[in-house]
Amino acid sequence: MRKLACLWGLCMGICATGMAQQDTLWMVPSGVTLGGDTVAALRFSSSPQFQAQNETLENWPGSCVLVNLDSIAHQIQTTVPGTSPVTVEPGEAQTLSLSIASPSTHRMWSTSQRGNLLGLETMIRTGWSDLPHYEWNLNEWDPLATWTVALGEAVDESLPYVPRQFTINDANFPNTLQDTTAHVESQVGDPVYISVVNQGRMDQVLHFHGFHVEMLQSSAHPNRVGWSKDTVPVKAGECVVVRLNPDQAGEYPVHAHNLVAVTNAGFYPGGMITYLNIAP
Ligand SMILES: [Cu+2]
């Protein structure tokens, strides 16, 4: 794909590093609008109030209280090696204690179909905190399937899968540019980290314009650590960390390489696109 002109101007956001440490997450049901579709949703929220974007856990504090405000029990699983899932009954709370090797980035999600299809999944990470650290949770959405599970019915996941919406941090382009935890803002000579977790059912491949990034973690392809690449596969469920060393100024898109994933309900451009905005 050619470099896209950025029509949305300079986003004056401040990057994501200074966020307060979160030690409680609430699982909250509601709905969101994505690219003209309404989608039933479940999110890890930083308060009992529903938030459209899952809250991530940075600088992992060692344990976190999970409060279930949903109507069914959720079994919460993580990719941290040697740990077992925690089950939280509706209306109850459980403490998730994990010792996480530093630095590393992991996925945390509900193993139920309702939890998974409604998007109850986030990123937990520790380390790589000496530089600004951006976070991209990738996901894709089938609106009809979300309403089916929201009504308590099962979705047959063996049927052909045709999601209509594709998101970074539960937002699709151009709304991704308003997300200061995803839209990279730096300057020449100031490197940043980016953690990427694929929360969806489809494998994705991210294409970086303007730069090669250095692979620091790749849970499905550990042999690629240390490689310098402009195209980064992120398999379903995979957790990847890269370092971007900006050596030239400009606005450069990063996008999913699968054409359908850069649309909103079939309309291009949309979906999994964000920008690297590098000042001179
Ligand atoms: Cu491209």
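Because the structure is predicted, anything quoted here is derived from the model rather than measured.

What counts and what doesn't
Residues numbered from 1 in each chain as written. Predicted model: local features only at pLDDT ≥ 70, side-chain atom pairs only at ≥ 80, totals over all residues. Heavy atoms only, no water. Donors = N, O, S within 2.8 Å, 3.2 Å for Na, K, Ca; no water. Helix = DSSP H or I, 4+ residues; strand = E, 2+ residues; numbered from the N terminus. Buried < 20%, exposed > 50% of the residue type's maximum accessible area, 1.4 Å probe, protein only. Domains from an automatic or database assignment. Contact = heavy atoms within 4.5 Å. Buried area = accessible area lost by both parts, 1.4 Å probe. Salt bridge = Lys/Arg side-chain N within 4 Å of Asp/Glu carboxyl O. Polar contact = N/O pair within 3.5 Å; in protein donor to acceptor, adjacent residues only side chain to side chain.

A.B. asks: Quick question: what am I supposed to make of the coordination of the copper ion here?
C.D. replies: When a metal carries six donors in an octahedron, the ideal angles between them are 90 or 180 degrees, while four donors in a tetrahedron ideally lie at 109.5 degrees. Around the copper ion, the protein contributes the donor atoms His207 (ND1), His209 (NE2) and His255 (NE2), which lie 2.0 to 2.1 Å from the metal centre. The sequence motif formed by the donor residues of the copper ion is H-x1-H-x45-H. Pair noted here: histidine 207 is in strand 13 (residues 204–208) and histidine 255 is in strand 18 (residues 250–256), with a separation of 48 residues, a long-range link. Residue classification places histidine 207 among the buried residues on the basis of a relative accessible area of 13%. On the basis of relative accessible area, histidine 255 is assigned to the buried category, the value being 3%.

A.B. asks: Would you take a moment to explain the domain arrangement of the protein for this structure?
C.D. replies: Quite often, the size of an interface is put as the accessible area lost when its parts meet. Each domain of the protein was delimited in the assignment, giving domain 1 (21–129) and domain 2 (165–279). Distance between the C-alpha centres of domain 1 and domain 2: 22 Å. The interface is formed by 21 residues belonging to domain 1 together with 21 residues belonging to domain 2. When the two sides are added together, the surface that domain 1 and domain 2 hide from each other amounts to roughly 1600 Å², 55% of it contributed by carbon and sulfur. Taken together, the links from domain 1 to domain 2 amount to one salt bridge. Connecting domain 1 to domain 2 are 10 residue pairs in polar contact (both at pLDDT 80 or more). Looking at the side of domain 1 that touches domain 2, the elements with two or more residues in it are strand 2 (37–45), strand 7 (104–110), helix 1 (113–117) and strand 8 (121–126). With five residues, the top contributor of residues to the side of domain 1 that touches domain 2 is strand 7.

A.B. asks: Mind showing me how you'd approach the environment of histidine 133 here?
C.D. replies: Along the polypeptide, histidine 133 turns up in strand 9 (residues 133–141). It is 15 Å that separates the C-alpha atoms of histidine 133 and asparagine 277, two residues lying 144 residues apart in sequence. Of note is the side chain of histidine 133, whose polar atom sits 3.3 Å from the side chain of arginine 125. A distance of 2.9 Å separates a polar atom in the side chain of histidine 133 from the backbone oxygen of tryptophan 128.

A.B. asks: Could you clarify how one ought to interpret the side chain of threonine 263 in this entry?
C.D. replies: The topology assignment puts threonine 263 in the loop between strand 18 and strand 19 (273–279). On the accessibility criterion, threonine 263 (9% relative accessible area) is buried. Setting aside chain neighbours within four positions, we find threonine 263 in contact with Arg164, Phe166, Tyr268, Gly270 and Gly271.

A.B. asks: Even after reading the chapter, I still don't get unusual backbone geometry, so can you show me in this structure?
C.D. replies: The bulk of non-glycine residues show a negative phi, and the bulk of peptide bonds are trans. A cis geometry characterises the amide bond from phenylalanine 173 onward to proline 174, with omega recorded as 10 degrees. Tracing the sequence through the fold places proline 174 in the loop between strand 10 (165–168) and strand 11 (184–187). The phi angle at asparagine 169 is positive, at roughly 55 degrees, despite the residue not being glycine. Position of asparagine 169 relative to the elements: it lies in the loop between strand 10 and strand 11.

A.B. asks: I tried to follow the pattern of salt bridges on my own but got confused; where do I start?
C.D. replies: Side-chain pairs of opposite charge can arise whenever the charged atoms involved come near each other. Inspection of every chain in the model, using the stated rule, returns eight salt bridges. Across the salt bridge formed by arginine 107 and glutamate 121, the nearest N and O atoms sit 2.9 Å from each other. Residue arginine 107 is located in strand 7, and its partner glutamate 121 is located in strand 8; the two are separated by 14 residues in the primary sequence. Here arginine 107 and glutamate 121 have matching classes, each one buried. Close ionic contact of lysine 235 with aspartate 203 constitutes a salt bridge, the shortest N to O distance being 3.6 Å. Here lysine 235 is found in the loop between strand 16 (231–234) and strand 17 (239–244), whereas its partner aspartate 203 is found in the loop between strand 12 (192–198) and strand 13, with 32 residues between them in sequence. Exposure remark for lysine 235: the relative accessible area of 36% places this residue in the partly exposed category. Of the residues examined, aspartate 203 reaches a relative accessible area of 43% and is grouped as partly exposed.

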